[in-house]
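If you want the building blocks of each chain, they are given just below.
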Amino acid sequence: MNSHLTQTAEATGSVAQNIARLNLLAPDSTCSTDLAASPWDTPAGYGPGASQEDQIPSGYPVQGSIPEEYLKASDEELDARIVAAKATLGDKAVILGHFYQRDEVVKYADFVGDSFQLANAALTRDKAEAIVFCGVHFMAETADILSREDQAVILPNLAAGCSMADMADGPSVQQCWEELTALYKDEEDDGRMPVIPVTYMNCSAELKAFVGRNGGLVCTSSNAATVLEWAFERGRRVLFFPDQHLGRNTAKAMGIELEQMPMWTPRKALGGNDEATMHDAKVILWHGFCSVHKRFNPAQIAKARQEFPGVRVIVHPECPMEVVDAADEAGSTDYIQKAIAGATEPTAFAIGTEINMVNRLAAQYPQHNIFCLDPVICPCSTMYRIHPGYLAWVLEELVAGRVVNQITVPKDQQGDAKIALERMLAAKP
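Criteria and thresholds
- Residues numbered from 1 in each chain as written.
- Predicted model: local features only at pLDDT ≥ 70, side-chain atom pairs only at ≥ 80, totals over all residues.
- Heavy atoms only, no water.
- Core = buried A, V, L, I, M, F, W, Y, C linked by side-chain atoms within 4.5 Å.
- Buried < 20%, exposed > 50% of the residue type's maximum accessible area, 1.4 Å probe, protein only.
- Helix = DSSP H or I, 4+ residues; strand = E, 2+ residues; numbered from the N terminus.
- Contact = heavy atoms within 4.5 Å.
- Pairing = 2+ DSSP bridges.

**Q** Teacher, can you tell me more about the nonpolar core here?
**A** Val198, Phe240, Phe241, Leu391 and Leu395 are the most contacted members of the largest nonpolar core, which totals 135 residues. Ranked by the residues each element gives to this core, the list is headed by helix 17 (residues 388–399), at 7 residues. In this view, Val198 contacts Val211, Leu217, Cys219, Val227, Ala231, Val238, Leu239, Phe240 and Phe241; residues no more than four positions away in its chain are not counted.

**Q** Where do I start with helix 7 (residues 137–146) in this structure?
**A** Working note: α-helix, 3.6 residues per turn, so residues spaced by three or four point in the same direction. Of all the 10 residues making up helix 7, 9 are buried; the element is thus mostly covered by neighbouring parts of the structure. Among the residues of helix 7, those classed as buried are Phe138, Met139, Ala140, Glu141, Thr142, Ala143, Asp144, Ile145 and Leu146. Looking at the buried side of helix 7, the elements it contacts are strand 1 (93–98), helix 6 (115–122), strand 3 (130–134), strand 4 (152–154), helix 9 (205–213) and helix 18 (411–426).

**Q** What exactly am I supposed to notice about the pairing of strand 12 (residues 348–352) here?
**A** Side chains on a regular strand alternate between the two faces of the sheet. Here strand 12 lies mainly inside the structure; 5 of its 5 residues are buried. Neither face of strand 12 is exposed, since Ala348, Ala350 and Gly352 on one face and Phe349 and Ile351 on the opposite face are all buried. As judged from the 4 bridges shared by strand 10 (residues 312–315) and strand 12, these two strands associate in the parallel manner. The partner of Ile314 across the bridge, within strand 12, is Ile351. With 4 bridges connecting them, strand 12 and strand 13 (residues 369–372) associate as parallel partners. Within the sheet, the bridge partner assigned to Ile351 lies in strand 13 and is Cys372.

Coordinates in, geometry out; function isn't part of it.
Here you go:
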């Protein structure tokens, strides 16, 4: 499935090298060459990269120290140890690698894809006792919800989180829900709910359970439009979190006016809106975003068109509305990959998504000119925390019969979260 990936690092150069080179051209960037450092040297917070300016919440997962031998091992030694551990474990372990993961880790993955593709791919390995998820925390939680009770889901570095997912927490969403419920309680009952909660896949298991309990469901960037259609059949409005841009771009494409999409800012009464605005609302957007995708802007697209006439611009729908409007196409990571794979003639592609995936596609399809829109090239700094040293450690612990860094969703969340995910599965685009 991913045999081409082993050559990717050699063909493209490392992400860290690209960051270092491009920061010489843009010294005032919020990106940092410190991302090239080992993840065990990562400072407090989300770390360097596009998300370094985001405020990290209290209670953020912390990765404890691992044996020094993994910290000091060379790339060649780690490679040999990972390969040997995989061979020893055989079918007992399956390694999942997200599209945005660094090449030095993805090359060991049995499956490569987006978060939900990977969670489902793991289900095809019946003999797997351990699912090693090389992604971020919410992805491992989803895998745990969907996997069997006798399977252990492992996140090699517990500090690999997601700043967007952290922008919507359980208490804040519950407070929002209570305010909306009180506001809409006197509306005429026409058989539809006053508001349906919809959460993007990029959120905690706690919030997936919340939408499952309250008549809502989860969406991906691939089926967001179908999910909104499902919700509008059952409710008058949608509360969409945590990513405002995916919600706005999807609803706008469905013909919903911007005036009907107020922003909900946590810790403000009615999210900072008046009652009339909220009564007229069709989609209530949570004040959240992806730190990587918010960096893209229309000027980058204009520059790409000037330098490469005829360029095909494809961006992720987590990008701001102005970027999606200026692009030729917008779609999920899977959409982007399939669009490039389906191009029959040599084409220039300007891509608006995380750089690891863009570099990998450039190496896989050398007949095309594939490049990232962002001249600074910020990777997902938390995804980058999955280092071969951590992967070697968790695999060798499995060989020794020990499970470390297991991700377990509380029992009281699993049932409702699974309902929300099953509704999403039924909402096929």
